[in-house]
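Architecture and fold: a report
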Amino acid sequence: VSTQSTGFSLFGDSSDYSKLVETENTKTVAFEDEKVFACTPFADTFREGCRLTVQLAGIGKLRPNIVLFLFPTSWDKKINESESTETSQNTEQKTKFVDDFVDVLRDCFDYGLSVGILKGIDDVTVDDKFNGNIDVYWLNEDGGLTALLPHLLRKNRQWKRTKLRFFTRANPRNTPKEGEISQELLRMHKLLKKFRIRFSEIKLIRGLEDAPSQQTIKEYTSLNIGESPDQPRTRRFLRLAERITQESCLAQLVIISLPVPEQGLPAPVYMSWLHFMTKGVPRSLLIRGNNETVLTHLS
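A brief look at the structure comes next. (Residues numbered from 1 in each chain as written. Predicted model: local features only at pLDDT ≥ 70, side-chain atom pairs only at ≥ 80, totals over all residues. Heavy atoms only, no water.)

Some words on the pattern of salt bridges
This is how the line gets drawn: Put simply, a salt bridge is a Lys or Arg side-chain nitrogen that is within 4 Å of an Asp or Glu carboxyl oxygen. Helix and strand assignments follow DSSP, with helices taken as H or I runs no shorter than four residues and strands as E runs no shorter than two, numbered in order from the N terminus. Type-normalised accessible area, obtained with a 1.4 Å probe on protein chains alone, sets the label of each residue: buried when under 20%, exposed when over 50%, and partly exposed for intermediate values.
Applying the stated rule across the entire model yields 13 salt bridges. Linking Asp-107 and Arg-51 is a salt bridge whose minimum nitrogen-to-oxygen distance equals 3.2 Å. Placement of Asp-107 in helix α3 (residues 88-110) and of Arg-51 in helix α1 (residues 46-56) is noted, with a sequence separation of 56 residues between them. Look at Asp-107 and you get buried, because its relative accessible area is 7%. With a relative accessible area of 27%, Arg-51 lands in the partly exposed category. As a salt-bridge pair, Arg-243 and Glu-247 come within 3.0 Å of each other at their nearest N and O atoms.

Written as structure tokens, this is what we have:
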């Protein structure tokens, strides 16, 4: 699909109730008032279908370099429902989608693609005009995509009235003296100015080493995913989630560095991190670049 002469997009839908309605003669389909060409790969599993779609998409310079997913909001229901089933076979079927979804993310990273997961955009229309903040939690180096996307988004008429606020981790071993500016703030300020990215504020996220609140621990435990909230990796994400909710609950959009799901990490544990990081904000985009530099002086 040509997107206003600025690029190409490929839309995929694994649902049986696809919005793509193929015509008999032209082999084109109606999608969001655009005319597109349809290609329907068949696969035995959701993961295999996604693999085929990614490998068939485009050619050469017309090949997409970012894959966007919608956040599977029912992932926790699938996990919890599996506990009430009577057989291990039913349990496996209930949790397979969660495993497949995380494996698809791993596949996309293996293919050298950037990955984004959108959540809370169902009510957004083309007529909306947003005022307020776009909060960007740039927590990992990914080639600059996490900073570039909100900068480009503000060029759109729907988002041009918003302001960018950037958040980055504070180094607990590098506490500045009173009256001094931290090295993290100076580094981020210099980088954004270098690439002409306008922002209203840069803030440091402190206290990620602290324990999450009892309410957060209770909510996490209720998911019954098999990992204790006392595990260091999970505790950090729960604490980060609390800070994101505290700082950005009123933001129009929150963009957060997407953690890479390492091999061996249980899919429900990974999904719980994403769930908690995004549940306290109205709209979110979890994004991770493929480590190819995308920021230039002309950004």
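Observations regarding helix α5 (residues 183-194)
We count it as follows: Multiplying 1.5 Å by the residue count of a helix minus one yields the expected span of that helix. Arc definition: it is the arc formed by the directions from the helix axis to the C-beta atoms. Contacts: residue pairs with any heavy atoms within 4.5 Å of one another.
With 12 residues, α5 ought to run about 16 Å at 1.5 Å a step, and its terminal C-alpha atoms sit 16 Å apart, in line with that. Of all the residues in α5, the buried ones are Glu-184, Met-188 and Leu-192. An end-on view of α5 places all buried positions within 55° of arc, on one side of the element. Within α5, the exposed residues directed more than 90 degrees away from the buried face are Arg-187, Lys-190 and Lys-193. Its buried side turned inward, α5 meets β6 (162-169) and β7 (201-205).

Brief notes about the environment of Phe-237
Tracing the sequence through the fold places Phe-237 in helix α7 (residues 232-248). Judged by its relative accessible area of 17%, Phe-237 falls in the buried class. If sequence neighbours within four positions are ignored, Phe-237 has contacts with Pro-259, Trp-273 and Met-277.

Looking at the sheet that holds strand β4 (residues 114-119)
Here is the rule we go by: The pairing criterion is simple: DSSP has to find at least two bridges between the two strands. Every axis in this analysis is a line fitted to C-alpha atoms, fitted for helices over the stretch in contact. Angles between the N-to-C directions lie between 0 and 180 degrees.
With mixed pairing, 7 strands are arranged side by side in an open sheet as β3-β4-β9-β8-β5-β6-β7. Each edge of the open sheet is held by one strand with a lone partner, namely β3 (66-70) and β7. Neighbour to neighbour, the strand axes of the sheet diverge by 20° on average, direction disregarded. As paired elements, β4 and strand β9 (residues 284-288) share 5 bridges and run antiparallel to each other. Pairing of Gly-116 across the sheet is with Ile-287, part of β9. On the sheet, α5 packs against β6 and β7 and is oriented at approximately 145° with respect to β7.

Some details on the packing of aromatic side chains
To keep it simple, the criterion reads: Each pair of aromatic rings taken from Phe, Tyr and Trp, with Trp reduced to its six-membered ring, is defined by centres within 6.5 Å and is described as stacked if the planes are under 30 degrees apart, edge-to-face if over 60, and tilted in the remaining cases. We count a charge as sitting over a ring when the NZ of a lysine or the CZ of an arginine lies within 6 Å of the ring centre and within 35 degrees of the ring normal.
Under the counting rule described, the total for this entry stands at 8 aromatic pairs. Look at Phe-237 and Trp-273: their rings are 4.4 Å apart centre to centre, the planes differ by 15°, and that puts the pair in the stacked class. Remark: Trp-273 occurs in helix α8 (residues 267-278) and Phe-237 occurs in helix α7; sequence separation between them is 36 residues. The residues Phe-237 and Trp-273 share a single accessibility class, namely buried. Its end group placed over the ring of Phe-71, Lys-119 keeps NZ or CZ at 4.5 Å from the ring centre.

Comments concerning the nonpolar core
Our working rule: By nonpolar core is meant a set of buried Ala, Val, Leu, Ile, Met, Phe, Trp, Tyr and Cys residues that side-chain atoms within 4.5 Å join together.
One finds Phe-69, Ile-117, Tyr-270, Met-271, Leu-274 and Met-277 to be the most contacted residues of the largest nonpolar core, which totals 44 residues. Where this core is concerned, the elements lending two or more residues are α1, β3, α3, β4, α7, β8 (253-257) and α8. When residues in this core are grouped by element, the largest group, 8 residues, is from α8. The contacts of Ile-117, once residues within four sequence positions are left out, are Phe-69, Leu-70, Phe-71, Phe-101, Leu-105, Leu-258, Leu-274, Ser-284, Leu-285 and Leu-286. In this structure, Phe-130, Trp-138, Ile-202 and Leu-285 belong to the second largest nonpolar core, which totals 20 residues.

Quick look at unusual backbone geometry
Backbone geometry follows two general trends: most residues other than glycine have a negative phi, and most peptide bonds adopt the trans configuration. Phi at Arg-196 takes a positive value of approximately 60°, unusual for a residue other than glycine. Tracing the backbone through its elements, the reader meets Arg-196 in the loop between α5 and β7. We classify Arg-196 as exposed; its relative accessible area is 57%.

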